[in-house]
Amino acid sequence: MKVTVNYDYTQQELAGKKEVFELADGTKLGGLLRSIDEKITGEGNDRGIDTTYKTTLAENQLNGCVVFVNGSAPGKMLDTELKNGDIIEFVYGFCGG
C-alpha cells in the first residue's frame, strides 16, 4: 500500500516537503514514524544538523504537537493502522516547535 507524508517546515531541510511510502498492509502509524525518524536522524548526522526537535517521536511519544491522518488526529495515535491512500501531515507550528 502507499501512503503520503507531508512534512512540516521543521523537517523539510532533512526530509523534503513530501514523500510517498510503500508499506506492508497492517503497518501502524508508530512503525512509520520510527522509520521516518531513522531517516531524519541519519540525514542530520550526515549533514551535522541537530535533530532533537525534528524527529517525530521522543522516547516513544510524539515529539511534535499535531499529527493528522487524512485531516484529523486519530485517537490511538501510534496504534492507528494505516490504509492505502492515507495522507499523514506533521504540524509543529502550533506549539512553536
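What counts and how
Residues take numbers from 1 onward in each chain, read along the sequence in its written order. Owing to the predicted nature of the model, reporting of local features is limited to residues with pLDDT of at least 70; listing and counting of side-chain atom pairs is limited to 80 or more, with chain, interface and lining totals taken over all residues. To get the side-chain values, all heavy atoms of the structure are used, and hydrogens and water are removed first. Helix and strand definitions follow DSSP, with helices as H or I runs of at least four residues and strands as E runs of at least two, each counted in order from the N terminus. We take the radius of gyration over the C-alpha atoms and set the globule estimate at 2.2 Å times the residue count to the 0.38 power. Note on classification: 1.4 Å probe, protein chains only; a residue is buried when its accessible area is under 20% of the maximum for its type, exposed when over 50%, partly exposed between these limits. Under the convention used here, a 1.4 Å probe and the Shrake-Rupley method define accessible areas, while residue burial counts only the protein chains that appear. As used throughout, the charge tally considers Lys and Arg to be positive and Asp and Glu to be negative, leaving His and the chain termini uncounted. Note that the charge is assigned to NZ on lysines, CZ on arginines, CG on aspartates and CD on glutamates. By salt bridge we mean one thing: a side-chain nitrogen of Lys or Arg within 4 Å of a carboxyl oxygen of Asp or Glu. We define the nonpolar core as a collection of buried residues of types Ala, Val, Leu, Ile, Met, Phe, Trp, Tyr and Cys that are connected through side-chain atoms lying within 4.5 Å of one another. It only takes one pair of heavy atoms within 4.5 Å for two residues to be counted as in contact.

Colleague: Teacher, can you tell me more about the overall build of the protein here?
Modeller: Check the secondary structure of the protein and you find 2 helices and 6 strands. Tracing the protein from N to C terminus, the helices and strands come up as β-α-β-α-β-β-β-β. For the protein, whose C-alpha radius of gyration is 13 Å, the value lies close to the compact-globule estimate of 13 Å for 97 residues. Projected onto its principal axes, the C-alpha coordinates of the protein cover approximately 35 × 25 × 25 Å. In the protein, which comprises 97 residues, the share counted as buried stands at 40%. Accessible area of the protein: about 5,500 Å², with a carbon and sulfur share of 47%. Each charge sign in the protein was given a centre, from 10 positive and 15 negative side chains, and these centres are 4 Å apart.

Colleague: Explanation requested: the pattern of salt bridges in the structure shown.
Modeller: A side chain of one charge can pair with a side chain of the opposite charge if their charged atoms are brought near each other. A complete count under the given rule lists 4 salt bridges for this structure. Notably, a salt bridge pairs Lys 2 with Glu 22, separated by 3.7 Å at the nearest N-O pair. One end of the pair, Lys 2, is in strand E1 (residues 2-6); the other, Glu 22, is in strand E2 (residues 18-22), with 20 residues separating them in the sequence. Look at Lys 2 and you get partly exposed, because its relative accessible area is 44%.

Colleague: What should I look at first to understand the nonpolar core in this one?
Modeller: Counting residues in hydrophobic clusters, the biggest one holds 21 residues, and the most contacted among them are Leu 29, Leu 32, Ile 88 and Phe 90. Of all the secondary-structure elements, those providing two or more residues to this core are E1, helix H1 (9-15), helix H2 (29-47), strand E5 (66-69) and strand E6 (87-91). Of the residues forming this core, the biggest block, 5 residues, is contributed by H2. Setting aside chain neighbours within four positions, we find Leu 32 in contact with Val 3, Val 5, Phe 21, Leu 23, Thr 27, Leu 82 and Ile 88.

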